[in-house]
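Structure at a glance
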Amino acid sequence: AGRCRTGKGRAMQINDYGKLCTMMYEQLHPTADPQELAFYLSYAKPGEQMLELLCGSGRFLIPFWKKGLSIDGVDLSAQMLEQLEQKLPEAKPALHCCSADEYQSEKRYDYIFITCNSFSLFTDKELAKRVLKNAKRLLSEQGVFVFAVDTVSSVEPGDGELSQTVDQPLEDGKLLRMRMGARYDAAAQVQYYPSVYELWQGQQLLHSEPMDFQTRLYRLGELDALLAEAGFRSWTVYDRFDKHPAQGDETGTLLYECR
């Protein structure tokens, strides 16, 4: 069974998915992108032990599970994991509410992955380093760790004002609203998305939930030193889900296959 220590990993976790944020995420992203899902499934082999870090509400983990693959999930958001458990109750024993740098298990996984460029959520360099080291520690001798990051070509400029609004009607007649802005710190290569999630019943605001969402944008080659320090012997970088070798960081995404 997996377990998690409490400590500095949790304190340094900047991004947080509250109840309303999780509801909006479920509305906007109910299933995985087919090409992205096929990419991550391409590394899965029946009989092997797999682990999805930052599994969220399960749009990747659930298709793995339904194919009969042995997979565990780790996420720091209790709200996200509750959504996953509602959709797939039988997966509950395989789910762990924990930060990716602190998850421990007696298992050694043949395949570990982080989808949706979510590694970029670790904007603190030391935290990113700890996540890579923990992934390497959890891997079997011949295991593979696959993850993706946002690149500097995906910058969204702005002044941080909440100028974008997304409204999502709910089945119970309520309205879920997201107000979001954008701001980029070029020196730190950090993209900021200040936002507020609101739940409305007609003209009445029932609940409001602010969120400080940040992602680290990368250049090709920038992670090489951290991967080597974490103990990975080799890695290949792609810029598309068809495993096209990356030549630069113009596509907005870099996909890492690490051994």
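What you see is a predicted model; the values in this text were computed from it and never measured. Within each chain, residue numbers correspond to sequence positions counted from 1 in written order. Thresholds applied to this predicted model are a pLDDT of at least 70 for local features of residues and 80 or more for the giving and counting of side-chain atom pairs; totals over whole chains, interfaces and linings are not thresholded and use all residues. Derived side-chain values reflect all non-hydrogen atoms in the structure, with water molecules and hydrogen atoms excluded from consideration.

**A look at the packing of aromatic side chains**
When two rings of Phe, Tyr or Trp (its six-membered ring) have centres within 6.5 Å they constitute a pair, described as stacked for plane angles under 30 degrees, edge-to-face for angles over 60, and tilted for the intermediate range. Under the defined criterion, the tally for this structure stands at 17 aromatic pairs. Measuring from ring centre to ring centre gives 6.4 Å for Tyr-17 and Phe-213, while their planes differ by 80°; the resulting arrangement is edge-to-face. In this pair, Tyr-17 is assigned in the loop between helix H1 (8–11) and helix H2 (19–28) and Phe-213 in strand S12 (residues 204–216), connecting sequence segments 196 residues apart. Phe-213 matches Tyr-17 in its accessibility class, with the two residues each being buried. Ring plane angle 25° and centroid distance 5.0 Å describe the contact between Phe-145 and Phe-147, whose orientation is recorded as stacked. Partly exposed describes any residue whose relative accessible area lies between the buried limit of under 20% and the exposed limit of over 50%, with all areas from a 1.4 Å probe on protein chains only and scaled to the type maximum. A relative accessible area of 0% places Phe-145 in the buried class. As a reminder, the over-ring test applies to NZ of lysine and CZ of arginine, requiring each to be within 6 Å of the ring centre and within 35 degrees of the ring normal. Across the ring face of Tyr-192, the terminal group of Arg-183 is positioned such that the distance to the ring centre comes to 4.1 Å. Each helix is a run of DSSP H or I of at least 4 residues and each strand a run of E of at least 2, with the numbering of both proceeding from the N terminus.

**Comments concerning the pairing of S12**
For two strands to count as paired, DSSP must find a minimum of two bridges between them. For strand S11 (residues 190–201) and S12, the ladder comprises 12 bridges, and the chain directions are antiparallel. Paired with Gln-201 across the bridge in S12 is Gln-204. Counting the residues that bridge the hairpin from S11 to S12 gives two residues, and of these Gly-202 lies at a positive phi of roughly 65°.

**Looking at helix H5 (residues 78–87)**
Turning to H5, its buried residues are Met-80, Leu-81 and Leu-84. Burial along H5 is one-sided: seen end-on, the buried residues are contained in an arc of 95°. Packing partners of the buried residues in H5 comprise H2, helix H4 (61–66), strand S3 (70–75) and strand S4 (95–97). This arc corresponds to the set of directions leading from the helix axis out to the C-beta atoms. Throughout, a residue-residue contact means that at least one pair of heavy atoms, one from each residue, lies within 4.5 Å.

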